Protein chains: 2
Amino acid sequence: MSREFDILCSQKSNVIDNFLSTNPIFVCTISYTETSQIPGITFAGANPDVIKYTSPADSEFLFHGRCFSIPGVPATPDGIPTPALLTRTALLLGKIPCIVVNSGSKIAPKVPYVSFGINYGKNIQHEAALQLFETQQAFDYGNVLGNQLSKSNDLVVLGESIPGGTTTALGVLTGLGVDANYKMSSSMPTNPHDLKIRIVQEAIKKYNLSEIKDPFKIVSLLGDPMIPAVAGIATGVIQSGSRVMLAGGTQMAAVLALMSSIKIPFNNICIGTTSYVTQDKNSDLDFLVRSISSDVPILSVNPGLDKSTKNGLLMYDKGVVKEGVGSGGALLTLLLKLGKSLDKDIFLGKLEEEYEKNIENIVV
Amino acid sequence: MSREFDILCSQKSNVIDNFLSTNPIFVCTISYTETSQIPGITFAGANPDVIKYTSPADSEFLFHGRCFSIPGVPATPDGIPTPALLTRTALLLGKIPCIVVNSGSKIAPKVPYVSFGINYGKNIQHEAALQLFETQQAFDYGNVLGNQLSKSNDLVVLGESIPGGTTTALGVLTGLGVDANYKMSSSMPTNPHDLKIRIVQEAIKKYNLSEIKDPFKIVSLLGDPMIPAVAGIATGVIQSGSRVMLAGGTQMAAVLALMSSIKIPFNNICIGTTSYVTQDKNSDLDFLVRSISSDVPILSVNPGLDKSTKNGLLMYDKGVVKEGVGSGGALLTLLLKLGKSLDKDIFLGKLEEEYEKNIENIVV
């Protein structure tokens, strides 16, 4: 019996058709924030010493199905493999092109990448994440890139890989006036809301936020290098008349908040993610997005891993790892390219094939 | 009276139609070779101290119509502006997207660029241009990029900016067994053939070429970082079933020679250049390409600058600057996207507008 994927939408379901695409492209922005070194903040990388390799390794995995910067692949301490596995599978099935943007990764990936020429983000608990010119540059370079991509591609899908990124996203949302406490998602089984809030509040009390009018300054103090880069690319795409999907969870609300604060119109933008995020009881993406704009639909999909025979994939269905490396958006893009019709078993078959080839049989 | 552009072709004219394109992309690979510091080798940059800025400045000009790494724009000592002006105009008129690849530029451009992660080329007169792993990496990263671009784009057009590049191209051609003496083009009014030949011969006598079987080793010893990068991108495009245009003059013969030596099939590749190159009495692109393969057509076009009112553009029609930054190929791509029909005055009008806006009225 055929099990078709269902695309869920936070608005009327005909909105989904606005994002049908014959020629999409996937862009993975990799970044690093030293905030990820705070104990208890992230599971994206099995131990603190290797967290800085997670993003470059993810991007290597997207292109090659294996990593060069680390042995094995990025995984949680429980051995759940990086969601880049889902992303890669969706891109392969859809023959969807992929480019990697390095906006402040601490380690350069061993694949071709678009350089935005800025440093990694500092620990916001102690100091400003970025210098103002870096935040501006990440946005401006993103704008140029988005403008160029929009000439070839009718849908530009923006994923990210930045360990610790929900904490800096909380910083930006809070700094821009969005109540995001207890609404951010997490890569960890028990969402460390109180820790994230404490870090952001400690960061904020160093500054007089009410006097800071420039949203780029807010991002520089409380954010990370991913947020202005993705906001810049999305802005370039929208300003050139094409369409954009922010492929990620609650971090993408921070991207939206920055774009909203500089008055970018939201008529051709959606968020695309997994149902693990939209149905997560411990975070609230829908609330965050609605706080910023009522114009931005959230598309989501259940990747259908409940029928998997692989433990590392079944764990996804339990909601342990919910999103990352644009995996939900990549799967949605595959569906949007295929006219919304795909049997879950076709995706699962290819996913398990990639899992067997690139993860299960790799001796780490 | 309408003055239509004519596309010239070294093979039967119906071959041109094999490269008609609805969704082309232009890739500008920027590189540096210390060989360019040898006095008398290049005019691409008014004086030796600024030659290293020529390529990044060219790529900045493509995106923004102005340069950030230097005041003004790259120009010959006579004030003839960079051919990036023609390239930019063609890309703007055709809404053709552009990306910049940095394969060994000495200076990083102040625009987003795809990093191939390798060093600039050394002076081949004194030492190997590149380490073998760098040459291989430039090719491999190019291959990944070409593979991705071919998923979005039905024609990938590869231009270059590397001052001194015809000398290193002569090195590679000679090393790979192609008789290229007195056949290379030049950015200078008097083509310094004897100087180039002497440099290459001095370089070669340090090695026992007959014992070197690996063409990548030849490129490492006698070439530059542009050649393996462009060969890699072209190979990735061809292997993915799309089509490629090498947008340049005699340097592109060195790219072809490398691809031929590793047995890449030549069914979907052409060279695209200006008629200034194909009709140049002091070089012989046609001979070089035929020496490598009879399967590769050379498309060329006269940019029609004889009617310009601007001295800096009229000088092109005198054949002083003949090619660069893929200008001939970019104009051909515009024509191929427009079904081969365009009035020369439309191009000239836009070109002079860009000239007035970005060059004539800029105080350097």
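Owing to the predicted nature of the structure, the values given are computational and were not obtained by experimental measurement.

Asks: Help me understand the overall build of chain A, please; the structure alone is not making it clear to me.
Replies: Along chain A, the regular secondary structure elements total 13 helices and eight strands. Principal-axis analysis of the C-alpha atoms gives chain A an extent of 60 × 45 × 40 Å. Counting the 364 residues in chain A, one finds 61% classified as buried. Here the contacts in chain A between residues at least 6 apart in sequence split such that 81% fall between residues at least 24 apart.

Asks: What is the right way to read unusual backbone geometry from this model?
Replies: Working note: non-glycine residues mostly have negative phi, and peptide bonds are mostly trans. If you check the backbone angles, Lys263 of chain A has positive phi at about 65° while not being a glycine. Of note, Lys263 of chain A is situated in the loop between helix H8 (251-261) and strand S7 (269-274).

Asks: Before we go on, may I ask you to explain the confidence of the model for chain A in this structure?
Replies: Interpretation of this model should avoid reading the predicted coordinates in detail wherever pLDDT is low. Taken residue by residue, chain A gives an average pLDDT of 95. The fraction at 70 or more is 98%. With pTM at 0.96, the complex prediction returns an ipTM value of 0.95.

Asks: Teacher, can you tell me more about the environment of Glu356 of chain A here?
Replies: Mapping Glu356 of chain A onto the fold places it in helix H13 (residues 344-360). For the pair formed by Glu356 of chain A and Pro56 of chain A, sequence separation is 300 residues and the distance between their alpha carbons is 22 Å.

Asks: What is the right way to look at the pairing of strand S3 (residues 98-102) of chain B in this model?
Replies: Remember that side chains alternate between the two faces of the sheet whenever the strand is regular. All names here are of chain B. Counting buried positions along S3 gives five out of five residues, so the element sits mostly inside the fold. Across the two faces of S3 the burial is the same, with Cys98, Val100 and Asn102 and Ile99 and Val101 all buried. Relative to S3, strand S2 (residues 24-30) runs parallel, the two sharing five bridges. Of the residues in S3, the one forming a bridge with Ile30 is Asn102. In this sheet, strand S4 (residues 113-115) lies alongside S3 in parallel orientation, the contact comprising two bridges. Across the sheet, the residue bridging to Asn102 is Ser115, located in S4.

Asks: Would you explain helix H3 (residues 132-152) of chain A in this entry?
Replies: Along an α-helix, residues three or four apart share an orientation, since each turn contains 3.6 residues. Taking 1.5 Å as the rise per residue, H3 of chain A with 21 residues should run 30 Å; its terminal C-alpha atoms sit 31 Å apart, in good agreement. Within H3 of chain A, 18 of the 21 residues are buried, leaving the element largely enclosed by the surrounding structure.

Asks: How do you make sense of the interface of chain B and chain A when you look at a structure like this?
Replies: Interface size is commonly expressed as the accessible surface area that is lost when the partners come together. Taken together, the contacts link 24 residues of chain B with 24 residues of chain A. Secondary-structure elements contributing two or more residues to the side of chain B that touches chain A are S3, S4 and helix H3 (132-152) of chain B. No other element matches H3 of chain B, which puts seven residues into the side of chain B that touches chain A. In the side of chain B that touches chain A, the residues fall into 16 nonpolar, six polar and two charged. Strand direction decides the pairing type here: strand S4 (residues 113-115) of chain A and S4 of chain B, joined by three bridges, are antiparallel. Bridge pairing links Ser115 of chain A to Tyr113 of chain B in S4 of chain B.

Asks: What should I look at first to understand the relation of the copies chain B and chain A in this one?
Replies: Mapping between the two chain copies consists of a rotation about an axis together with a translation along that axis. After a rotation of 180° and a shift along the axis of 0.0 Å, chain B superposes on chain A with an RMSD of 0.0 Å. Here the transformation between the copies is reduced to the relation of a two-fold axis. For chain B, the residue whose C-alpha comes nearest the rotation axis is Val114 of chain B, separated from it by 2.0 Å. Comparing contact sets, 100% of the residues at the interface of chain B also lie at the interface in chain A, consistent with an isologous, same-surface contact.

Asks: Please clarify how the nonpolar core should be interpreted in this entry.
Replies: Within soluble globular proteins, side chains that are nonpolar tend to cluster in buried spots. Core analysis: the biggest nonpolar cluster contains 234 residues, and Ala234 and Leu246 of chain A together with Ala234 and Leu246 of chain B have the highest contact counts within it. With near-sequence residues (within four places) excluded, Ala234 of chain B lies in contact with Gly146, Leu158, Val244, Leu246, Val255, Met259 and Ile269 of chain B.

Asks: I tried to follow the packing of helix H4 (residues 165-175) of chain A against H8 of chain A on my own but got confused; where do I start?
Replies: A pair of packed helices can be characterised by two numbers: the angle between their axes and the separation between those axes. Residue and element names in this part refer to chain A. The geometry of H4 relative to H8 is characterised by a closest axis approach of 8 Å and an angle of 30° between their N-to-C directions. By the angle between their directions, the pair H4 and H8 is classed as roughly parallel. Crossing geometry of H4 relative to H8 is assigned as left-handed. When H4 is examined against H8, the residues Gly165, Thr166, Ala169, Val172 and Leu173 are found in contact with a partner set consisting of Gln251, Ala253, Ala254, Ala257 and Leu258. Here the residues of the contact of H4 with H8 sort into seven nonpolar, three polar and no charged.

Each value, and the rule that gives it
Residues numbered from 1 in each chain as written. Chains lettered and ligands numbered in written order. Predicted model: local features only at pLDDT ≥ 70, side-chain atom pairs only at ≥ 80, totals over all residues. Helix = DSSP H or I, 4+ residues; strand = E, 2+ residues; numbered from the N terminus. Buried ≥ 20, exposed ≤ 12 C-beta atoms within 10 Å, placed from the backbone. Contact = placed C-beta atoms within 7 Å. pLDDT = per-residue confidence, 0-100. Pairing = 2+ DSSP bridges. Expected span 1.5 Å × (residues − 1). Nonpolar A, V, L, I, M, F, W, Y, C, P; charged D, E, K, R; others polar. Least-squares fit on C-alpha atoms with pLDDT ≥ 70 in both. Core = buried A, V, L, I, M, F, W, Y, C linked by C-beta atoms within 7 Å. Axes fitted to C-alpha atoms, helices over the stretch in contact; angles between N-to-C directions. Parallel < 35°, antiparallel > 145°, perpendicular 65-115°, else oblique. Left-handed = near helix turned anticlockwise from the far one by under 90°.

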